[in-house]
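Results of the structural survey
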Amino acid sequence: MSIKTAQKRHKWALDYTSKHRPDGSKQLFQSEPLPEPLGFSITTFSDSGARDNNPDLIEKKSWDIALGPLKQIPMNLFIMWMAGNSISIFPIMMVGMMFIRPIQALLAIQQTFKMIEGANKTIQRIVYALGNLAGVGLAVYKCQVMGLLPTHASDWLAFVEPQKQLEWANGGIGL
Amino acid sequence: MNTLDFSIIFQFAILLFDRNIQCLYEDQAGTFDWRQQYVGRAQFVEYIQGGQSGTRIIVGTEQNVVAAINGKNGQIGWRQVLEKGPSGHINDLKVSGNYVVTASAGGEHIRCFNAISGSLHWESSIPGALPSHPASIQIHGSDLVAVLSYDRIVAYNIEAGNELWSLALTDSTKVKYSYLAFSEEVLYAVGISDRSHVSLNSVRLDGTEKTSRSVAAVWIASDNKCSILKGSHLVCVDKNSGILQILSLANGVNFAPLVLQDVKVDYNKVSFPNLQLLGDPHSPAVIAVEVGDQEYVLVAVENGKARVVKHLPKVAALQVMGMGEQWLLLTARRSDNTDVLNVFGSDLLTGSPVHELSHSIKYPIHHGNPQRLYGTLSKLRDGSSGLSLLTCGEDHSLVLLTHSGKALWTREEALASILSVEMVDLPVSQIMAKMEDEFGTNDNILQMFLKRFSTQLSQLWTFALQLKHRLRIPRQHHAGGSISETERMSEEDSDDDEGLDETYLTRDEFNLHKIIVVVTGPGKVFGLDSNTGVSIWKTFYPSLGTFHRIDRDVLLLFVQRTTAHFPHQPVCTVLGKDKVSGLPIMFSFHPITGLPSESAPSEGRRLNYKIVNAVMLTQMDEHFLHPIVVMDSEKKFHVYPQSDVDLVKQFSASLFVFTTNIETGIITGYGVELDKKQQLIGNPLWTVDTNRNLQAITKVVTKRALEHVHSQGIVLEDRSVQYKYLNPNLIAVLTEGEEAQQKASAFFSVYLIDGVTGNLVFHCTHKKSKGPIQLMHSENWIVYNYWNQKQRRMELAVLELYEGTRQSNATAFTSFHPPPPPIVMRQAYIFPGHISALATTITEKGITSKQLLFALETGGVLGLPKLLIDPRRPEVLSQEAREEGLVPYLPELPRPADHIINYHQSVFNIHGIHTAPAGLESTSLVLCYGLDLFYTRVMPSKMFDVLKEDFDYFFISSVLIGMIVVSVITQRLAVRKALNRAWK
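Everything in this summary refers to the structure shown in the same document.

Quick notes on the rules
Residues numbered from 1 in each chain as written. Chains lettered and ligands numbered in written order. Predicted model: local features only at pLDDT ≥ 70, side-chain atom pairs only at ≥ 80, totals over all residues. Heavy atoms only, no water. Core = buried A, V, L, I, M, F, W, Y, C linked by side-chain atoms within 4.5 Å. Buried < 20%, exposed > 50% of the residue type's maximum accessible area, 1.4 Å probe, protein only. Contact = heavy atoms within 4.5 Å. Axes fitted to C-alpha atoms, helices over the stretch in contact; angles between N-to-C directions. Helix = DSSP H or I, 4+ residues; strand = E, 2+ residues; numbered from the N terminus. Parallel < 35°, antiparallel > 145°, perpendicular 65-115°, else oblique. Nonpolar A, V, L, I, M, F, W, Y, C, P; charged D, E, K, R; others polar. Patch = residues over 30% accessible without salt bridge, like charges linked within 9 Å, V, L, I, M, F, W, Y side chains within 5 Å. Areas by Shrake-Rupley, 256 points an atom, 1.4 Å probe, with all protein chains shown as cover. Salt bridge = Lys/Arg side-chain N within 4 Å of Asp/Glu carboxyl O. Buried area = accessible area lost by both parts, 1.4 Å probe. Polar contact = N/O pair within 3.5 Å; in protein donor to acceptor, adjacent residues only side chain to side chain. Pairing = 2+ DSSP bridges. Disulfide = S-S within 2.5 Å. Phe/Tyr/Trp six-rings, centres within 6.5 Å; stacked < 30°, edge-to-face > 60°. Lys NZ or Arg CZ within 6 Å of the ring centre and 35° of its normal.

1. With respect to the nonpolar core
Residues and elements named next belong to chain B. V59, I516, V518 and L927 are the most contacted members of the largest nonpolar core, which has 37 residues in total. Not counting chain neighbours up to four residues away, the residues in contact with V59 comprise V39, A42, F44, V45, V65, V66, A67, I69, L93 and L398. If you look at the next biggest cluster of nonpolar residues, it comprises 21 residues, including V798, Y829, L862 and I869.

2. Focus on the packing of helix α3 (residues 55-83) of chain A against helix α6 (residues 121-146) of chain A
Residue and element names in this part refer to chain A. Orientation of α3 relative to α6, taken along the N-to-C sense of each, is 10°, at an axis distance of 9 Å. As summarised for this structure, α3 and α6 are arranged roughly parallel, according to the angle between their axes. Taking contact as the criterion, the partners of E59, S62, W63, I65, A66, L67, P69, L70, I73, N76, L77 and M80 in α3 are, on α6, I123, Q124, V127, Y128, G131, N132, A134, G135, L138, Y141 and K142. The residue makeup of the contact of α3 with α6, split by class, is 15 nonpolar, 6 polar and 2 charged.

3. Considering a nonpolar patch on the surface
Residue and element names in this part refer to chain B. Taken together, L947, F951, Y953, F955, I956, V959 and M963 make up a surface patch of nonpolar side chains, about 700 Å² in accessible area. Mapped onto the elements of the fold, F951 is located in the loop between β68 (933-938) and α7 (953-983). Residue F951 is classed as partly exposed on the basis of its relative accessible area, which comes to 30%.

4. A word on the interface of chain A and chain B
Each side of the interface is counted separately: chain A has 23 residues, and chain B has 52 residues. The contact between chain A and chain B buries some 3,100 Å² in all, and 54% of this surface belongs to carbon and sulfur atoms. Considering only the side of chain A, the residues that lose the most area to chain B are Q163(A), I173(A) and L175(A), jointly responsible for 29% of the buried surface there. Between R719(B) and D155(A) there is a salt bridge, with its nearest N and O atoms 3.0 Å apart. Counting every contact that joins chain A to chain B gives 19 residue pairs in polar contact (both at pLDDT 80 or more). Among the elements that line the side of chain A that touches chain B, the one with the most residues is strand β2 (residues 168-173) of chain A, at 6 residues. Each residue belonging to the side of chain A that touches chain B can be placed in one class, and the counts come to 10 nonpolar, 9 polar and 4 charged. The pairing of strand β1 (residues 164-165) of chain A with strand β61 (residues 812-813) of chain B spans 2 bridges and is classified as parallel.

5. Some words on the pairing of strand β4 (residues 65-70) of chain B
All names here are of chain B. With 5 of 6 residues buried, β4 lies mostly within the body of the structure. Both strand β3 (residues 56-61) and β4 contribute to a ladder of 5 bridges, which runs antiparallel. Of the residues in β4, the one forming a bridge with R56 is N70. Bridge analysis of β4 against strand β5 (residues 76-81) gives 5 bridges, and the strand direction is antiparallel. Looking at β5, one finds that A68 is bridged to W78.

6. A short note on the pairing of strand β35 (residues 514-520) of chain B
All names here are of chain B. In terms of residue burial, β35 counts as a mostly covered element, since 7 of its 7 residues are buried. Because side chains alternate across β35, one face comprises the buried residues K514, I516, V518 and T520, and the other comprises I515, V517 and V519, equally buried. Pairing of strand β34 (residues 418-425) with β35 involves 7 bridges; the strand directions are antiparallel. By the bridge assignment, V424 is partnered in β35 with I515.

7. Considering the state of the cysteines
All names here are of chain B. A complete count under the given rule lists 1 disulfide over all chains for this structure. Between the sulfur atoms of C226 and its disulfide partner C236 the distance amounts to 2.0 Å. Given an S-S torsion of about 110°, the disulfide between C226 and C236 has right-handed geometry. Residue C226 is found in strand β18 (residues 226-229), and its partner C236 is found in strand β19 (residues 233-238); the two are separated by 10 residues along the sequence.

8. Quick word on the packing of aromatic side chains
Where two aromatic rings form a pair, the distance of their centres and the angle of their planes describe that pair. All names here are of chain B. Under the criterion given, the structure shown has 17 aromatic pairs over all chains. With a centroid separation of 5.2 Å and 80° between ring planes, the pair formed by W219 and F255 is classed as edge-to-face. Linking W219 in the loop between β17 (209-216) and β18 with F255 in the loop between β20 (243-248) and β21 (256-258), this pair joins segments that are 36 residues apart in sequence. Ring centres of Y541 and F587 lie 4.0 Å apart, and the angle between their planes is 25°; this geometry places the pair in the stacked category. Placement of Y541 in the loop between β37 (535-540) and β38 (544-545) and of F587 in strand β43 (residues 584-589) is noted, with a sequence separation of 46 residues between them. No difference in accessibility class separates Y541 from F587, as the two residues are buried. Through pairs of rings, three or more aromatic residues link up here, namely F748, Y784 and Y786. Here the guanidinium or amino end of K866 rests over the ring plane of W781, the centre of that ring lying 4.8 Å away.

Written out as structure tokens, the structure is:
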């Protein structure tokens, strides 16, 4: 193991002890590897023990992620109120942002789910998804308030077909 | 607050007009519009020879126009349009020196015009004149004008226009004074007392009565035709026996009868015999008696005796004219159905032919027979005398023929009495037709490939030819506004040898170029080129007479097949009444060439029953032909072409016909059913009685069949939809009446009736209002104008019908399960002006907003957006209404000068506006017709579907190309820079 480590040493460490020099010149001397210093162990230890020891922290972190979208809703509501219902560039940008963020989050939901661990991970994942959906819902509501949704009959008027004529009446003043 | 309101309204108005403004640049005038001016059918024709302004022909016409026509080119020198209707009807016209004197409406208006400038010299009115009693004028010497009206003779000084004297005639209630003549220094006024006697009054030139006597004449009727010959003899025709009665005015005690023995006269014919005065007062006392169709007898009168001079069996028109000391008779007749008019000259008294006046002159067959001749002789340079002959044709045309054998100019006055108009698409070019032909055939692939290859090759070939042609000669066809009438005439001259460029009469890119098929009162049908107004073809149907409907003549014109169905030929059909028998007659023709259709007889299809109604179905048979269904007085239906009976039977369950009887005021609806013999017969389903005792039906207006309604509703401010009530069979019936209690108070009603079930949808009455009313019915709205007697102003009312916020049946409209009664919104506006015709624009798909076109009595044609004539215009403009785009209510409608679509090209007596869709959705084609014609294009929503003329193609494309080039170069540079950086 020690030999292996020695070989793994950095390439720019000059090994004067090596028998075979790369340029083929003779080595100066040959010696046994030095004993390791006291208290040094080459083996590494995983700190899994320490992690297992702090499950509350994981839970807390996961809840943070899960509740993130929900926490944004009051902020969004405030922005919504501030932006007003007129259709101009600024409110439209706001609405756009309100749409884009939760939708992006929903698209990247797999990665986020990986980050959520712990005992309540199912609930947290659901909460996260619901939070984002609520964000989308809020944006839709904003569109509705602004009158951007085709929910009225008038929005479909252009597609209404003319009524079919079933009877034909002709005539006028007698000749 | 008020001022604030006002300023808001004002700003809004400005905004509004900015959006809808539609005027021309000066250089655009006449590029896509044209105007043609006419005078109408000449009743009185007088020559004014020589002078500074050359030969002038003064005409007084049936259309109440006095005009001077330039003898050289046929153009109108000046024109005065008198009052419309009976109050402007010209009773007599005389020319003396430089003055033209007219009497209209029985002497209500006596006018004297300057013959050179056309300006009104003086004007007068005779008290007690009756429009129903025609006045007559005689001019004595160079200054005295005597006018005979209902009960008096009034003399004027022609220079000053002052009344010299007035003499009341006795017993004018019983005696109808109609004839006036000067003889030396005595003026004779002759009156007829029905079945009793003739009153002769002679008056001296100073206005004192000389004698007054009566001559017994039991045979005389007040509608007898009489003439005073040379101021000495009264010649009358006894209608019943056909005997000429002659009386010497100076000393005759009895009428001397003359039996036209050697002439076979068919006295059963109502219109004969007629009298026709020939020549001027100085010519021998010879009168022509028209005893039959193209048959005349010349009668000479001397000392109270008459003798037959000559019998002219085959003469269309005749005229006496003087040449030196000699008096010549000029007769004209067409040589059997050819383009040649044979003019013969002979000595009036001896009858010996005068060869230098005998000519064969080209006179196109579409003028019919000449009805009157006005010949003049002019000295030519070589000493011989040249004849110029003005003919008034059966088709109302005025043609000046010259001795050289051809027409110097032609005026198609039939176009002043247009009755029906249709605009027909031109056919696609032959190549395009071939391309279209490719579809729908089941050839194999190789054949199809070869066909496609050959058509495209020929397309390339024609393109190359066109290019060559275009390079060689710059295009001749320019817009009509600048085309002068002379050009029109000269074009006409050469219309036989000119083969119109084959590609000219093909559909253009946007289908803006059309053939306007017009049917006119005398029975002449024209195909006008919509670009220039020049007639491409004209056909005269001599037997085609008009129907009469309330106050106007009617000829029905149907486009049975359009040009869209190649290889089937387009077909137009005109339906009228035979002039002789009074039975219906139908002519079918090709609208592009004017030639008779192959399928129909060229001499017309005569229908041997009395016609009540004729309609064209919207359905097509397998040959893409719309059948015409004619209902006769026995409620039987006849289908033309007859092969389409099965089609009609197939549709009969959904076909309904309604007729309106003016006399009884009853509207009756019929269903089409089969009787036992499998004949189509009308089954009365409903009647609506409008109560004839109180009011009379004056108009029945249906919607136009080809109208498309794109939007089914309007959007309200709360974003809900107000659905339109679009009953395709809704008819608007207008009735006018007088209030029973107060005599001077008129009223009228508008009824909206479902044409299938007779269901009264809506009804409203306007009190203290009267006509003339123009009514327009389109989509879900009705607009009409009327005279408000109380406020003394012209008003325009609008009705709009809505189903409400829900549509009871979104897919189909059936009158048997109708939607709930519609919501009717209405509003009236004050209209600044008098309207003679009303129409709305029509476009291909109905997307473009509508524009209303008003022909004004002042000569303008005003186009106002429908937005202004909206019943929903609010009095107080709320925020919501503003968002909806409503205009605040103002009682007066504006009349901005830039909305006059004919700018300074005034048109008069317009009685109809025809609109037709073009291939472009934004554009509607408009023809205003009446005395004048005006054609233009209107774009109610501006040209939203075409790039503007001033669109900078060069700039835009250069910027575009520049941007592409720059982006390519910068990309290269960026790549190089990145590489360089990597090397560092």
